Amino acid sequence: MANVVVLLYSSFFTHVLLFACLAYTQNIVVFQPSFVITTGPVVTAVLLGNTSGISLSLRTVSPSNTTGNIGSPSCVAEETNWVLTREQLGKTAVRVHLRLNQSLHLCGNNDTNTDCCERALCILEALQVSACVDGTPQASLLIQAKIHALLVPANPGSDNKTVIPNQVYQPLGPCPCDLTSGACDILCCCDTDCSNEDLKLFSSHCLPGPFGGQVSPAPDYQCSVQSTGNSPDWFPFLCVNSPPENNPYLGHFYKGDTIAPKPGPSFQSPVLPAPVPVDVYIQGNPIFTLNGQCFTVPQKVLGLCVNNAPVAFLKNFNYECTTLLLSCPTGYPLQTLSGNLSIKVKNGQGGDVVVDVTDEVAADTSPFISIIDAVAPSDEMLVCENLTLALHYKFYWRENGITGITLTRTIGTIILNSRATLSTKYSATFLNGEFSGEPNSGNPGYQVGRPVVAGIVEALDSNTSLIKRTSVNVWKPVSDGLCSTAGMKPVLFGENSTSGCLLPVSRQNLTQCSLLFYMNFTEYDCNRNDVCWPELAFPITKYYTGEPFSQSLAKGMILVFFFIVASVLGTPWRQIRQAWNNSAH
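Presented here is an overview of the structure given in this document. No experiment lies behind these values; they were computed from the predicted model shown.

### Topic: the overall build of the chain
Looking only at helices and strands, one finds seven helices and 21 strands in the chain. Every one of the 585 residues in the chain was classed for burial, and the buried ones make up 29%. A fraction of 58% describes how many contacts in the chain between residues 6 or more apart in sequence connect residues 24 or more apart. Just so you have it, the chain exposes about 38400 Å², and 56% of that area is on carbon and sulfur atoms.

### A look at the sheet that holds strand 3 (residues 42-49)
In spatial order, the strands read 1-3-6-5; together these four strands make up an open sheet with antiparallel pairing. Only two strands of the sheet have a single neighbouring strand rather than two, namely strand 1 (29-32) and strand 5 (82-88). Here the strands of the sheet are splayed against their neighbours by 25° on average, with no regard to which way each runs.

### Regarding the packing of aromatic side chains
Applying the stated criterion across every chain yields a total of ten aromatic pairs. Geometrically, the ring pair formed by Tyr-393 and Phe-395 is stacked, given 6.1 Å between the ring centres and 20° between the ring planes. Residue class for Tyr-393 comes out buried when judged on its relative accessible area of 3%. What makes Phe-395 buried here is its relative accessible area of 0%. A ring pair is formed by Phe-561 and Phe-562, whose centres lie 6.3 Å apart and whose planes are at 50°; its orientation type is tilted. Here the aromatic residues Tyr-281, Phe-295, Phe-313, Tyr-393, Phe-395, Trp-397 and Phe-430 are joined through ring pairs into a cluster of three or more.

### Overview of unusual backbone geometry
The omega torsion of the bond from Tyr-332 to Pro-333 falls at 5°, within 30 degrees of zero and hence cis. Relative to the elements of secondary structure, Pro-333 occurs in the loop between strand 11 (317-325) and helix 4 (338-341). Residue Pro-444 is bonded to the preceding Asn-443 through a cis peptide linkage, with omega at 0°. On the secondary structure map, Pro-444 appears in the loop between strand 17 (420-432) and strand 18 (453-459). One non-glycine residue, Leu-302, lies in positive phi territory at about 55°. Position of Leu-302 among the secondary structure elements: in the loop between strand 9 (296-301) and strand 10 (304-310). The exposed category is assigned to Leu-302, whose relative accessible area is 85%. We note that Glu-399 has phi near 55°; this positive angle belongs to a residue other than glycine. In this fold, Glu-399 is placed in the loop between strand 15 (382-398) and strand 16 (401-416).

### Observations regarding the nonpolar core
Grouped together as the largest cluster of nonpolar side chains are 40 residues, with contacts concentrated most on Ile-287, Phe-295, Tyr-393 and Phe-395. Counting residues per element, this core draws most heavily on strand 15, at seven residues. Each residue touching Phe-395, except ones within four places of it in the same chain, is listed here: Ile-287, Phe-295, Val-311, Ile-402, Gly-404, Ile-405, Ala-428, Thr-429, Phe-430 and Leu-431. Formed by 27 residues, the second largest nonpolar core is a distinct cluster that contains Val-96, Leu-104, Ile-123 and Val-129.

### What about the state of the cysteines?
Scanning the model with the defined rule gives ten disulfides in all. Disulfide partner of Cys-117: Cys-122, at an S-S distance of 2.0 Å. Between Cys-117 and Cys-122 the disulfide shows an S-S torsion of about -75°. By sign, it is left-handed. The class of Cys-117 is buried, set by a relative accessible area of 1%. Two residues, Cys-189 and Cys-206, share a disulfide whose sulfurs are 1.8 Å apart.

### Re the sheet that holds strand 4 (residues 55-61)
Strands in a sheet are paired, the pairing made by backbone hydrogen bonds, and the direction either parallel or antiparallel. Pairing within the open sheet is mixed, and its four strands lie in the order 2-8-7-4. Looking at strand neighbours, the two that pair on one side only are strand 2 (35-38) and strand 4, the edges of this open sheet. The mean angle between the axes of side-by-side strands here comes to 20°, regardless of whether they run parallel or antiparallel. Inspection of the sheet shows strand 4 paired to strand 7 (residues 121-133) by seven bridges, in the antiparallel sense. Across the sheet, Leu-56 pairs through a bridge with Ala-131, a residue of strand 7.

### Overview of the pattern of salt bridges
Going through the model one piece at a time under the given rule, you end up with two salt bridges. For Glu-87, the salt bridge is made with Arg-95, and the minimal N-O distance between the two is 3.5 Å. Take Glu-87: its relative accessible area is 37%, and that puts it in the partly exposed class. Accessibility expressed as a relative area gives 29% for Arg-95, which makes it partly exposed. Among the ionic pairs, Arg-409 bridges to Asp-359, the shortest N-O distance being 2.9 Å. Of this pair, Arg-409 sits in strand 16 while Asp-359 sits in strand 13 (residues 352-361); the two residues are 50 residues apart in sequence, bridging distant segments of the chain.

### A word on a positive patch on the surface
Positive charge collects at one region of the surface, where Lys-300, Lys-425, Lys-476 and Lys-489 lie side by side. Residue Lys-300 is classed as partly exposed on the basis of its relative accessible area, which comes to 36%.

### Considerations on the side chain of Thr-410
By secondary structure assignment, the location of Thr-410 is in strand 16. Classification of Thr-410 by relative accessible area gives buried; the value is 12%. Thr-410 has contacts with Glu-360, Ala-362, Leu-387, Thr-388, Leu-389 and Ala-390, leaving out every residue within four places of it along the chain.

### Describing the environment of Pro-33
Following the sequence through the fold, Pro-33 ends up in the loop between strand 1 and strand 2. Residues Pro-33 and Leu-47, 14 residues apart in the sequence, show an inter-C-alpha distance of 8.7 Å.

### Notes on the side chain of Asp-193
Structurally, Asp-193 can be placed in the loop between strand 8 (136-148) and helix 2 (196-202). Of the side chains with opposite charge, Arg-398 comes closest to the buried, unpaired Asp-193, at an N-O distance of 12 Å. Reaching out from Asp-193, the side chain makes a polar contact with the backbone nitrogen of Gly-182 at a distance of 3.2 Å.

### Thoughts on the pairing of strand 10
Where strand 9 lies against strand 10, five bridges are found, and the strand directions are antiparallel. Looking at strand 10, one finds that Gln-299 is bridged to Val-306. Counting the residues between successive antiparallel strands, the hairpin from strand 9 to strand 10 contains two residues, one of them, Leu-302, with a positive phi of roughly 55°.

Rules used throughout
- Residue numbers run consecutively from 1 along every chain, following the written order of its sequence.
- Where local features are concerned, this predicted model is filtered to residues with pLDDT of at least 70; where side-chain atom pairs are given and counted, the filter is 80 or more; whole-chain, interface and lining totals use all residues.
- Note: side-chain values were computed over all heavy atoms of the structure, leaving out hydrogens and water.
- For the purposes of this entry, the term helix denotes a DSSP run of H or I that reaches at least four residues, the term strand denotes a run of E that reaches at least two, and both are numbered from the N terminus.
- Each residue gets one of three labels from its accessible area relative to the maximum for its type: buried under 20%, exposed over 50%, partly exposed in between, using a 1.4 Å probe on protein chains only.
- Should any heavy atoms of two residues lie within 4.5 Å, those residues are considered in contact.
- The protein chains shown are the only cover counted for residues, whose accessible areas, like all others here, come from Shrake-Rupley with a 1.4 Å probe.
- Strands are treated as partners if at least two bridges between them are detected by DSSP.
- Fitted lines through C-alpha atoms serve as axes, helices being fitted only where they are in contact, and the angles separating the N-to-C directions of these axes extend from 0 to 180 degrees.
- The aromatic pairing rule takes the rings of Phe, Tyr and Trp, using the six-membered ring of Trp, and pairs them if the centres are within 6.5 Å, calling planes under 30 degrees apart stacked, those over 60 edge-to-face and the rest tilted.
- As used here, the term nonpolar core means buried Ala, Val, Leu, Ile, Met, Phe, Trp, Tyr and Cys residues forming a set that is joined through side-chain atoms within 4.5 Å.
- Throughout, disulfides are identified as pairs of cysteine sulfur atoms within 2.5 Å of each other.
- The working definition used for a salt bridge is a side-chain nitrogen of Lys or Arg within 4 Å of a carboxyl oxygen of Asp or Glu.
- Each patch is built from residues lacking any salt bridge and having more than 30% relative accessible area; the joining distance is 9 Å for like charges and 5 Å for nonpolar side chains (Val, Leu, Ile, Met, Phe, Trp, Tyr).
- Only four residue types enter the charge count: Lys and Arg as positive, Asp and Glu as negative, with His and the chain ends excluded.
- By convention, the point assigned to a charge is CZ for Arg, NZ for Lys, CD for Glu and CG for Asp.
- A 3.5 Å cut-off defines polar contacts: any pair of N or O atoms within that distance qualifies, except that in protein one atom must be a possible hydrogen donor and the other a possible acceptor, and neighbouring residues in sequence count only when both atoms are side-chain atoms.

Shown next as structure tokens:
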């Protein structure tokens, strides 16, 4: 995890320049800082001055039993569990880097591996780094290391069925934000898969309320709530001693109705300071390249595509940008080179990683093209070779650093004879470790707004089969609304969705009607209905497919005759005749 080095950047450079001037004029060297307290396995310091001919030695030291002081620096190196490396930063500066060469996992009861921690406080020692010239110490760096062992879950996972507890006695979901099995979910501080080092990344941004696994506060009437100092005189007689299991909020999942106040409108434009490179990464920090610039990837900002948007640590994204093709593009990001994409990125642990680029050639580029011209195409062909159609990044991270970056670049050749729009895709995915866990849509049950999970049965042989996880998708049309260019979007739980796409047809190419879902007028067909009243009532419709027209017309006349007889002999007509006879007499 991050080392504790008490330095501010503004004062750091001032002191560095001051020490550099003093060291240069007096031909001496000095460590900055000269004393470091570390709680993690990495330590970094800077040696300033005339560094030519300087050698470094490392040893463990301890205070004297009588005086309590540490002895003078020594140029004799000792064997330790730390690896000492150096990096020349210029003529008058050397970066000194120490890394612990020991596992921080806690030893088990029957663990035969000696590379582990026997106690929770794994490392407690003092180190001294000496800068020597011809065997004579010139400067020393004192390091106090106090490092605890990493606590990992004893059972990383199992295939047993989930046992749903009785919510009358305990919460139905003790940690609803734990959506990925066997991996640490960001901002979910109750996730047992998160180590102490992982929790330090977002400990101040934990998900609040029952969704984040926080136990609801005890009611005000509990006797344990009021302390002796602020409790009223009547409280001991009216308070209630109730067990914690008898909680009115037990089994409820909600975030409450509290609304945080929003700042009022202002006509002043906010002043955003430029991001400053950091030694370690935490969630939301911009990722920096080795030359101190932000690592950028095309993204959407406020609905518009920006070619140079910074990538934030532990922030996944997936965007699609459209470009009107009037001529072949020549610049970034539609024209890229593998050498320009394979850059060095700071890993957040004092080193760097190189982006590993893999190229894929799109054999069919039609999903990326949408024709927008309604006029006849021209004879001039537009051929754009090796266009960058997609950039998909994968960032592998552990603790507060990046362990690797891979990029899959999709390229293809576009051939057009009319105006069209090009759709390009850009994404970044942060993977904890060497695998990508698939998050669930709830724990337990479904959460509103999460994708509906489905499965496809794949037969492995005659006796066994495999259920492959998939999603239920609906059409997601783009600019022209055609099915050929439409994408797919997942169905979300609790959210209604209506979608569709356009399929252009004409009499010339309409040869397979069975492939289209047209309306079947089966209500007019006696072969598919037990009651043929529609044929008698609508014998002259063009959808009629029953018996001959003459027979249906005769039956229709008989039906009309029955209606006339019923009306003449019915009660209304009889009353009319009776009234007529009474008026005549």
